[in-house]
Amino acid sequence: MVLNYIWIAFFLIAFFIAAVKLILMGDFDVFPAMMDSTFDSSKTAFEISLGLTGVLSLWLGIMKIGEKGGVVNVLARLLSPIFVRLFPDIPKGHPVTGSIFMNIAANMLGLDNAATPLGLKAMEQLQELNVKKDTASNPMIMFLVLNTSGLTLIPVSIMVYRAQLHAAQPTDIFIPILLATFFSTLAGVIVTSLYQRINLLNGTMLLTLGGACTVVAIVIRGFAELDGETMNLVSTTIANILLMTIIVSFILAGVRKKVNVYDAFIEGAKDGFTTAVRIIPYLVAILVGIGIFRASGAMDLLIGGLHTLVEATGVDTQWVDAMPTALMKPLSGSGARGMMVDAMTNYGADSFVGRLSCIFQGSTDTTFYILAVYFGSVGIRYTRHAVACGLIADLAGIIAGIAICYLFFG
């Protein structure tokens, strides 16, 4: 519903600004430019979607091997000691614990098709424990914030889009996204825990959060001491080693579980082809809307206004051009994806703006969409502090993304 209103707004605002430019400024080129953008944008959307087929099939095939090989279950067991303390209101041994673990583990691996059903199942089980059926409970809110903070280990789709748009090293945003999504999730957990008076000052949580923060600090400190060229080389090399290690580990996990890894790969690859075809109309719709918005001059007015405000503070304005992706992400995943593709198309996949848009896309998730789907599935009307906590996590991801992008690519 939100995306519907945004899409309509693109066209109405663009038409209004174009009409003003025609009447007041005598700009007879604006409407032809808008119409040209509709054809160019739809062609671009189709070409991108078609080009995604191979790489998306590859990664979803690998993910299917990992899923059948029990990697999700392993992650769930590793997360168990942490999640027990984040959900103190859930009775020990309740089945919902397993559903929550599996959902978060699937999200971390980028298994959206598996994560959503598991998430809806977890929400139904949490509703069974909920005393006030129309009001979100504390465990529901913590669960939602962990989803909206976008904790992801493998940002497959973003790397696929970068490859399709001819990035020199599509994986160079891998480590920056990991760092940004860490800060987003950390902020979400802390602020939700404060709201719910959950004690994070215990051995398990201090060891986990403290250890994670220490590792992140060491990574940031280490990269900060490198020059730009060396940093990019090291970051890309580590990212590629990690990704190759994950691929081999998934295959070995499948072999260990006596899974027919070839058949599992084919099954996942078929999903990749289906996914690539399925996103064509969505990508056409959003890119055409953005293209008209940009061709009318509305995007220039929006970004120009932000530039003026930021310049008044004396801060560097290089990051402002990537903000449409950040502002769209809490509202719509496909809308933010369109903004990311638009940024890479117009500024270049290897530009600062193109890379920062990718980091924004990967550092958080679609807060309002997730809240609507998950809460709507069980009839929750009163969300309490869920929206506030989710948006604070989003803000932390945006701020961290800007800082990390300057560190790696500035």
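Predicted, not measured: the structure shown is a model, and the values here were computed from it. (Residues numbered from 1 in each chain as written. Predicted model: local features only at pLDDT ≥ 70, side-chain atom pairs only at ≥ 80, totals over all residues. Heavy atoms only, no water.)

**Q** Please provide a residue-by-residue account of the overall build of the protein, values included.
**A** Tallying secondary structure elements over the protein gives 17 helices and 0 strands in all. Rg of the C-alpha trace for the protein: 22 Å, near the compact-globule value of 22 Å for 410 residues, within the 12% margin. In the protein, buried positions account for 51% of the 410 residues. A fraction of 80% describes how many contacts in the protein between residues 6 or more apart in sequence connect residues 24 or more apart. (Helix = DSSP H or I, 4+ residues; strand = E, 2+ residues; numbered from the N terminus. Rg over C-alpha atoms; globule rule 2.2 N^0.38 Å. Buried < 20%, exposed > 50% of the residue type's maximum accessible area, 1.4 Å probe, protein only. Contact = heavy atoms within 4.5 Å.)

**Q** Run through the confidence of the model for the protein, naming residues and quoting values.
**A** Counting all residues, the mean pLDDT for the protein is 83, and 94% of those residues have values of 70 or more. Ranking the elements of the protein by mean pLDDT puts helix α4 (residues 96-108) last with 74 and helix α15 (residues 352-363) first with 92. (pLDDT = per-residue confidence, 0-100.)

**Q** Residues and numbers for the side chain of T325, please.
**A** Checked against the element boundaries, T325 lands in helix α13 (residues 323-328). Looking at T325, its side chain comes within polar contact range of the main-chain nitrogen of M340, at 3.4 Å. Those residues in contact with T325, other than ones at most four positions away along the chain, are A336, M339, M340, S357, F360 and Q361. (Polar contact = N/O pair within 3.5 Å; in protein donor to acceptor, adjacent residues only side chain to side chain.)

**Q** Tell me about the packing of helix α6 (residues 138-148) against helix α8 (residues 174-196), and please be specific about residues and values.
**A** In contact at an axis separation of 9 Å, α6 and α8 are set at 165 degrees when each is read in the N-to-C sense. Considered as vectors, α6 and α8 are oriented roughly antiparallel to each other. The handedness of the crossing between α6 and α8 comes out as right-handed. Packed against α6, whose contacting residues are N138, I141, M142, V145 and L146, the element α8 presents T185, G188, V189, T192, S193 and Q196 at the interface. Partitioning the contact of α6 with α8 into residue classes produces 5 nonpolar, 6 polar and no charged. (Axes fitted to C-alpha atoms, helices over the stretch in contact; angles between N-to-C directions. Parallel < 35°, antiparallel > 145°, perpendicular 65-115°, else oblique. Left-handed = near helix turned anticlockwise from the far one by under 90°. Nonpolar A, V, L, I, M, F, W, Y, C, P; charged D, E, K, R; others polar.)

**Q** Got a sec to walk through the packing of aromatic side chains? Specific residues and values, please.
**A** Going through the model one piece at a time under the given rule, you end up with 7 aromatic pairs. Considering the side-chain rings of F182 and F183, the 5.4 Å spacing of their centres and the 70 degrees angle between planes classify their relative orientation as edge-to-face. Here F183 falls in the partly exposed class, since its relative accessible area comes to 28%. (Phe/Tyr/Trp six-rings, centres within 6.5 Å; stacked < 30°, edge-to-face > 60°.)

**Q** Hey, could you go over the environment of G26 for me, with residue numbers and the actual values?
**A** Topologically, G26 is positioned in the loop between α1 (2-25) and α2 (30-68). The spacing of G26 and A388 is 362 residues in sequence and 46 Å in space, taken between C-alpha atoms.

**Q** Got a sec to walk through empty space enclosed by the protein? Specific residues and values, please.
**A** The tally for this structure, following the rule as stated, stands at 1 cavity of 30 Å³ or more. Lining the largest cavity are R294, M299, D321, A322, P324, T325, M339, D342, A343, Y347 and S357. For the lining of the largest cavity, the secondary-structure elements that each account for two or more residues are α13 and α14 (333-347). With 4 residues, the top contributor of residues to the lining of the largest cavity is α14. Partitioning the lining of the largest cavity into residue classes produces 6 nonpolar, 2 polar and 3 charged. (1 Å grid on protein atoms, 1.4 Å probe; cavity = no way out; pocket = protein on both sides within 12 Å on 5 of 7 lines; lining within 4 Å. Points joined across faces, edges and corners; volume = space filled by probe spheres on them.)

**Q** Break down unusual backbone geometry for me, citing the residues and quoting the values.
**A** With a phi angle near 55 degrees, R197 is a residue other than glycine that sits in the positive phi range. Position of R197 among the secondary structure elements: in the loop between α8 and α9 (203-224). Of note, the phi angle at R384 is positive, near 55 degrees, even though the residue is not glycine. In this structure, R384 sits in the loop between α16 (367-377) and α17 (386-409).

**Q** Can you tell me about the environment of A276, naming the residues and giving the values?
**A** Assignment of secondary structure puts A276 in helix α11 (residues 261-295). Since its relative accessible area comes to 1%, A276 is described here as buried. A sequence separation of 221 residues divides A276 from V55, and the C-alpha atoms of the two residues are 9.7 Å apart. Those residues in contact with A276 that sit more than four places away from it in its chain are S49, T53 and L56.

**Q** I'd love a proper account of the environment of T308, names of residues and values included.
**A** Mapped onto the elements of the fold, T308 is located in helix α12 (residues 298-312). In this structure the C-alpha to C-alpha distance between T308 and D350, which are 42 residues apart in sequence, comes to 25 Å.

**Q** Describe the pattern of salt bridges, naming the residues involved and giving the relevant values.
**A** Summed over the entire model, instances satisfying the criterion amount to 6 salt bridges. Of the charged contacts in the structure, one is a salt bridge between E267 and K68, with a shortest N-O distance of 2.6 Å. Of the two residues, E267 sits in helix α11 while K68 sits in helix α2, which places them 199 residues apart along the sequence. Relative accessible area serves as the criterion here: at 41%, K68 is assigned to the partly exposed category. With a closest N to O distance of 2.9 Å, D172 and R355 form a salt bridge. In this pair, D172 sits in the loop between α7 (156-164) and α8 while R355 sits in helix α15, placing the two residues 183 residues apart along the sequence. Look at the salt bridges and you will find they share partners, linking R162, D172, D350 and R355 into a network. (Salt bridge = Lys/Arg side-chain N within 4 Å of Asp/Glu carboxyl O.)

**Q** I'd like a description of the side chain of S184, backed by residues and values.
**A** Within the element layout of this structure, S184 appears in helix α8. One polar contact links the side chain of S184 to the main-chain carbonyl oxygen of S149, over a distance of 3.1 Å.

**Q** Tell me about the packing of α8 against α17, residues and numbers included.
**A** Relative to each other, α8 and α17 sit at 150 degrees, their axes nearing to 8 Å. Viewed along their axes, α8 and α17 adopt a mutual orientation that is roughly antiparallel. As α8 runs across α17, the sense of the crossing is right-handed. Side by side, α8 and α17 meet where I175, P176, L179, A180, F183, S184, A187, G188, V191, T192 and Y195 of the first sit next to A388, C389, I392, A393, D394, A396, G397, A400, G401, I404, F408 and F409 of the second. A per-class count over the contact of α8 with α17 returns 17 nonpolar, 5 polar and 1 charged.

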